[in-house]
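This is what each chain is made of:
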Amino acid sequence: QVQLVESGGDLVQPGGSLRLSCAASGSIFRIYAMAWYRTAPGKQRELVAFVNSGGTTTYADSVKGRFIISRDNAKNTVVLQMNGLRPEDAAVYYCYADLWNTQYVPRQQYWGQGTQVTVSS
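Just so it is clear, the model here is predicted, and its values are computed rather than measured. (Residues numbered from 1 in each chain as written. Predicted model: local features only at pLDDT ≥ 70, side-chain atom pairs only at ≥ 80, totals over all residues. Heavy atoms only, no water.)

A. Examining the sheet that holds strand β7 (residues 67-72) more closely. Across the sheet, which stays open at both edges, the four strands sit in the order β1-β3-β8-β7 with antiparallel pairing between neighbours. The two strands at the open ends of the sheet, each matched to only one other strand, are β1 (2-7) and β7. Across this sheet, the average inter-strand angle for adjacent strands is 15 degrees, counted without regard to direction. (Pairing = 2+ DSSP bridges. Helix = DSSP H or I, 4+ residues; strand = E, 2+ residues; numbered from the N terminus. Axes fitted to C-alpha atoms, helices over the stretch in contact; angles between N-to-C directions.)

B. Summary view of unusual backbone geometry. Here the phi dihedral of N76 falls at roughly 55 degrees; this positive angle occurs in a residue that is not glycine. As for its position among the elements, N76 is in the loop between β7 and β8 (77-82). For Y104, which is not glycine, the phi dihedral falls at a positive 65 degrees. When you line up the elements, Y104 lands in the loop between β9 (91-100) and β10 (108-111).

C. Focus on the pairing of strand β11 (residues 115-119). Only one face of β11 is covered, namely the one carrying T115, V117 and V119; the face carrying Q116 and T118 has none of its residues buried. One ladder, built from two bridges, connects strand β2 (residues 11-12) with β11; its direction is parallel. Paired with L11 across the bridge in β11 is T118. Pairing of β9 with β11 involves three bridges; the strand directions are antiparallel. Paired with V92 across the bridge in β11 is Q116. (Buried < 20%, exposed > 50% of the residue type's maximum accessible area, 1.4 Å probe, protein only.)

D. Local environment of the pattern of salt bridges. This model, assessed by the stated rule, comprises five salt bridges. Between D89 and R66 there is a salt bridge, with its nearest N and O atoms 2.7 Å apart. Highlighted residues: D89 in the loop between β8 and β9 and R66 in the loop between β6 (57-59) and β7, separated in sequence by 23 residues. Residue D89 shares its accessibility class with R66, and that shared class is buried. Of the charged contacts, one joins R107 and D98 as a salt bridge, the two residues approaching to 2.9 Å between their closest N and O atoms. The class for R107 is partly exposed, based on a relative accessible area of 34%. (Salt bridge = Lys/Arg side-chain N within 4 Å of Asp/Glu carboxyl O.)

As far as function goes, none of this settles anything; it's purely spatial.
Here's what the structure looks like:
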């Protein structure tokens, strides 16, 4: 099995910054991609940022220029640096990994338990 453990969620004032971290462990041969999603109250889960093993990144339009996703392939970790936080960024943030458990098998997708980000004065 694979575990994704997130950390870094907190209460922050508008304009502030937070750094979310996620570490993947367990039965991992190689990780293709890692990402952060979020779910705000009353809304569907949405992709925030994505990074694949080659370093290609994708961001939601709403966070471009404010959030940065980075990944350490050797440590199977991903970090989301969030700057200029807005009240509309408040949500539960989930770590996501798309990976091979062993060689020559289809990739599997895993989710973390989520970490709460609250943006309020």
